[in-house]
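Spelled out from the first residue to the last, the chains are:
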Amino acid sequence: MENRIIAIKKHKRVLLKISGEGFCSESSSVIDIPKYDLIAEEINNARDAGVEIAVVVGGGNILRGSALSQSGVERTRADQLGMIATSINAIVLQDSLEKLKIPAKVLSAVEIQGIVESYTIHKCRNFLENGFVVILAGGTGSPFFTTDTAAALRAIEIGADVFLKGTKVDGVYTDDPVSNPKARKYEKLEYMDALSNKLDVMDSTAISLSMENKLPIVVFSFRKKNNISKAIIGHKIGTYVGNHNDVSRNTK
Ligand code: UDP
């Protein structure tokens, strides 16, 4: 197939995080089906390399608890709605994967009876071992967290080799590349540097959790064609966040 990228399998199991903005177009729809279909296609291409793939989905295209609470909804309730929003993305992504005949399962920290099954570590590992792409919804299941933190947590729980953080920007920059054309992209970064507020990589809870558990993070853009497949397989893209000593895990 034309889109297929060269498979050099380096990872056994990965945790891919796609934030809500990956599921909508910049201008309009909060649920832009072609965006889910494209992500499913890239997952499919990478799956051929035999990598086990768990996906944590965000919900920011639909709603964010902090924003809703500013409009007057009590914060923990607003966050619960945010967690439910992630299930919507998860179900639509499952649909896109199944259209490609990829076995996919949604497991959520927030069960929706009759629609979305509850997440347990062992159920998740079992589905991965049996060739399913597992889509993890509901974040951590608790308010005041983000799906980035959920992604780090799930990656550690299921023993993923790497946390692939898909975002709009193709890595971590010295400054905001949109407002500062002189900003340079880091190829690799120590956890402690990533924790610096100025770099704004992701929330500090997610980075700290990854650091404490030696989970490498790759920050990359899901907007660039084939990047999701490349990240899953282990090509060198984006910015690697970890300890310098661990760099060989993902930079060949
Ligand atoms: N959320 C939560 N606990 C979690 C994860 C998410 O309460 O463990 C809620 C929170 O309100 C958040 C929303 O779900 O704003 C959507 O998640 P997030 O903002 O992380 O999505 P993304 O920015 O990745 O699209």
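Residues numbered from 1 in each chain as written. Predicted model: local features only at pLDDT ≥ 70, side-chain atom pairs only at ≥ 80, totals over all residues. Heavy atoms only, no water.

An unreviewed UniProt entry annotates the protein as Uridylate kinase of Candidatus Scalindua japonica. Under Pathway (unreviewed entry), UniProt gives the following word-for-word description of the protein: "Pyrimidine metabolism; CTP biosynthesis via de novo pathway; UDP from UMP (UMPK route): step 1/1." Listed in UniProt under the heading Sequence similarities (unreviewed entry), the comment for the protein reads: "Belongs to the UMP kinase family." (UniProt positions renumbered as here; feature names shortened; annotations may be inferred.)

### Here's the deal with a nonpolar patch on the surface
Together, V30, I31, I33 and I88 give the surface a local cluster of nonpolar side chains, amounting to about 280 Å² of exposed area. When you line up the elements, I88 lands in helix α3 (residues 75-99). (Patch = residues over 30% accessible without salt bridge, like charges linked within 9 Å, V, L, I, M, F, W, Y side chains within 5 Å. Areas by Shrake-Rupley, 256 points an atom, 1.4 Å probe, with all protein chains shown as cover. Salt bridge = Lys/Arg side-chain N within 4 Å of Asp/Glu carboxyl O. Helix = DSSP H or I, 4+ residues; strand = E, 2+ residues; numbered from the N terminus.)

### Re the UniProt feature "binding site: ATP" (unreviewed entry) in the protein
With numbering aligned to this structure, UniProt lists the feature "binding site: ATP" (unreviewed entry) at K17, I18, S19, G20, G60, R64, T167, Y173 and D176. With a sequence span of 160 residues, these residues are also far apart in the fold, their greatest C-alpha distance being 24.9 Å. With respect to the element layout, G20 can be found in the loop between β1 (13-18) and α1 (33-47). If we ignore the near neighbours within four places in the chain, the residues touching G20 are G58, G59, G60, N61 and N89. Relative to the elements of secondary structure, D176 occurs in the loop between β6 (162-167) and β7 (188-190). (Contact = heavy atoms within 4.5 Å.)

### Some remarks on the site of the ligand
In the vicinity of the ligand, 19 residues are found, and the nearest of them are G20, R64, D79, T140 and T147. Here G20 contributes a backbone N or O atom positioned 2.6 Å from an oxygen atom of the ligand. Between G82 and the ligand, the recorded distance is 3.4 Å, taken from a backbone N or O atom to an oxygen atom. Protein chains shield 93% of the accessible area of the ligand, which is 520 Å² for the free molecule. By residue class, the composition of the shell around the ligand is four nonpolar, 12 polar and three charged. (Near = heavy atom within 4 Å. Polar contact = N/O pair within 3.5 Å; in protein donor to acceptor, adjacent residues only side chain to side chain. Nonpolar A, V, L, I, M, F, W, Y, C, P; charged D, E, K, R; others polar.)

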